[in-house]
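Residue-level structural notes
Chain by chain, the residues:
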Amino acid sequence: MTGMKHLLIVDDEAHWTDNLADHKPWGEVGIDVVHKAYSAFEALELIQTYPVDLVITDIMMPEWTGLELIEEIRKRRPDTVCILLSGYSDFEYARTAIELEAFDYLLKPVKDEELFRVVRQALSRLERLDEKERLQRRLAYSLNENMPLIRSHLLSEWLTGTARAADWENCAVRYGIPFRAGDEVLLVLVRPDDRLGGGEGREAPKHERKLAEYAIQNIAEEWMSSGGFDVWSCWLGRDYMAMLLRCGNGRPPAPDIGDAQALERLLLGLQQNIKRFAKASVSLLMTDPHRFPDEVHAACEKALISFRQQVGGRQELLLAQKDAAPPLSAKSLRTLHCPPSLLQLMEVQRWQEAEALVERMLTELETDWSESHEHLLAAAMEIGGAFLQLAHRSGIFLRDAAPELTSGFIAGEPMRSIAALRRWASSMLQAMRRHMREEAVHNRRETIRRVHEYIERHLKTDASLRAIADYVHMHPTHLSKIYKQETGQGLSDYLMQVRMEKACALLSGSQLKVYEICEEIGYLDPAYFIKVFRKFYGVTPQEYRDRVNAGK
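Residues numbered from 1 in each chain as written. Predicted model: local features only at pLDDT ≥ 70, side-chain atom pairs only at ≥ 80, totals over all residues. Heavy atoms only, no water.

1. Observations concerning the packing of helix 13 (residues 351–368) against helix 14 (residues 373–393)
For the pair helix 13 and helix 14, interaxial distance at closest approach is 9 Å and the crossing angle is 165°. As the angle between them shows, helix 13 and helix 14 are arranged roughly antiparallel. The element helix 13 and its partner helix 14 pack so that their crossing is left-handed. For the pair formed by helix 13 and helix 14, the contact residues are Trp351, Val358, Met361 and Leu365 on the first element and His375, Leu376, Ala379, Glu382, Ile383 and Leu390 on the second. Residues that form the contact of helix 13 with helix 14 fall into these classes: eight nonpolar, one polar and one charged. (Axes fitted to C-alpha atoms, helices over the stretch in contact; angles between N-to-C directions. Helix = DSSP H or I, 4+ residues; strand = E, 2+ residues; numbered from the N terminus. Parallel < 35°, antiparallel > 145°, perpendicular 65-115°, else oblique. Left-handed = near helix turned anticlockwise from the far one by under 90°. Contact = heavy atoms within 4.5 Å. Nonpolar A, V, L, I, M, F, W, Y, C, P; charged D, E, K, R; others polar.)

Have a look at this one:
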């Protein structure tokens, strides 16, 4: 069975839920992570947060019954298998459970053998589901949810000159974009003149800025669409929103794409609506008509230069491309501003992509700016700054990770030539990659040490997976995976081993009763402890004690 399996146990009786979740050998039946909920509402929150495969729920609970919970789960997570476990044997409950496609209906008290048999059957059913169909459904849902972001990212690639789509027509159909190769289009740049979402003199929190960006983009798309245009928009970093416009099919007549006065009136209305509804003043620049997609990158570069030259720090301007001054001869390195950045790639340890990005930057230097020392400096500062930020965000000084290379950077060695920058960047990438790998190994080992420490101190009280994960500030699933990778043993197996070894020590070295030893190692049910001990050692705890005493 592939993938970690998550079980959710739901019951308003906390002692029953805790006992069932924490003191049963779920790992033996194929369950990796067990979640607990003490109400239906708490269960729904956990289902939205974790990839729950199997739910065992009581029927009679306050607020919602288990039957109502299953009905809601069917709407949200139809692949989740649900089992009812209750002390109520009324046929109407069973019939409703069948109608809701509950996998099984068990009556309390249920024996472990019966419960585990049903759980194994439920997991087998999950395994038999058509994996391809489930994957396609999830991908379709994910694609639909992220479609606006995908479209924006695609436009950003075309505008920055990094698009790699050879067959645009298929790409347009796949993502529902109404632009076709050869269309005559206009590009409009929108620049907020104020700090979005923030007050005077302060930077807005990230979520407030994103909300303001969404509002401006939404207003712009609706307004220009109502004017008869097909609209495709994105944000270029934090400074500009870009809109590509073409006369829409089946919409109210749009102004002629060459009618500058009508277009300027429409954009003036957009400017006023953004100020009215988003409480933001913006400046706009409209390009001359050009062809999609071949000419959009050049048009965007020209428009950005014009914007910086003509608008500068002034506010609430509306310019057409013909009003702009001719572009300067110097241009910024394209690879400096194309996401993802070098820092972003290194932070998630995508080292091969980071190396490829550096090489693209250096190739652009060699091809377009081989004689410009300023562009070499810009590239060197960008690469060096990314390494410095990565080191500081990791809690170290760069000199500690690569002393000689850091000294060389401070002395300006990478700025002497493109070849020198290439050598330095390659060596620094290798040094940081090696340092972060060693740091990760050290951190994982420290996590394992803290896990063992926690189990030793809390074996009697609460040594559940969730409690251990909370202690080391990790998700239970991630902790289980790391523990298995580092030790070769499952965390639940290690916990069982510790309990059994401590039980043996107490049986042979103390006069505690078996039920007292059961409590000392964190079990609430002596019968279950005896069963597990016999499975582990082949004898009961009392038989083990008798053998030890006989040998003394």
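Next comes the rest of the write-up.
2. Re helix 8 (residues 168–175)
Those residues of helix 8 that fall on the buried side of the exposure criterion are Trp168, Cys171, Ala172 and Tyr175. All buried residues of helix 8 fall inside an arc of 100° around its axis, so they share one side. The positive-phi residue at the C-terminal boundary of helix 8 is Gly176, with phi of around 65°. (Buried < 20%, exposed > 50% of the residue type's maximum accessible area, 1.4 Å probe, protein only. Arc of directions from axis to C-beta.)

3. What about the pattern of salt bridges?
Considering all chains together, one arrives at 23 salt bridges under this definition. Across the pair Arg209 and Glu213 runs a salt bridge whose closest N-O atoms are separated by 3.9 Å. Of this pair, Arg209 and Glu213 both sit in helix 9 (residues 206–226), separated by four residues, roughly a single helical turn. Residue classification places Arg209 among the buried positions, given a relative accessible area of 13%. (Salt bridge = Lys/Arg side-chain N within 4 Å of Asp/Glu carboxyl O.)

4. A short note on unusual backbone geometry
Cis geometry is found at the peptide bond from Phe292 to Pro293, where omega equals 0°. Looking at the secondary structure, you find Pro293 in the loop between strand 10 (290–291) and helix 11 (296–310). Non-glycine residue Gln349 carries a positive phi angle of around 60°. With respect to the helices and strands, the residue Gln349 is situated in the loop between helix 12 (342–347) and helix 13. At His473, a position not held by glycine, the phi torsion is positive, near 60°. Assignment of secondary structure puts His473 in the loop between helix 18 (465–471) and helix 19 (476–487). Among the residues examined, His473 registers a relative accessible area of 69% and is labelled exposed.

5. What to know about the sheet that holds strand 3 (residues 54–57)
As summarised here, the arrangement of the five strands in space is 2-1-3-4-5, forming an open sheet in which the pairing is parallel. Two strands lie at the open edges of the sheet, namely strand 2 (33–37) and strand 5 (104–107), each paired on one side alone. Mean inter-strand twist for the sheet, computed between neighbouring axes without regard to direction, equals 20°. Relative to strand 4 (residues 81–86), strand 3 runs parallel, the two sharing four bridges. Within the sheet, the bridge partner assigned to Leu54 lies in strand 4 and is Val81. (Pairing = 2+ DSSP bridges.)

Any functional reading would require information beyond the geometric quantities listed.
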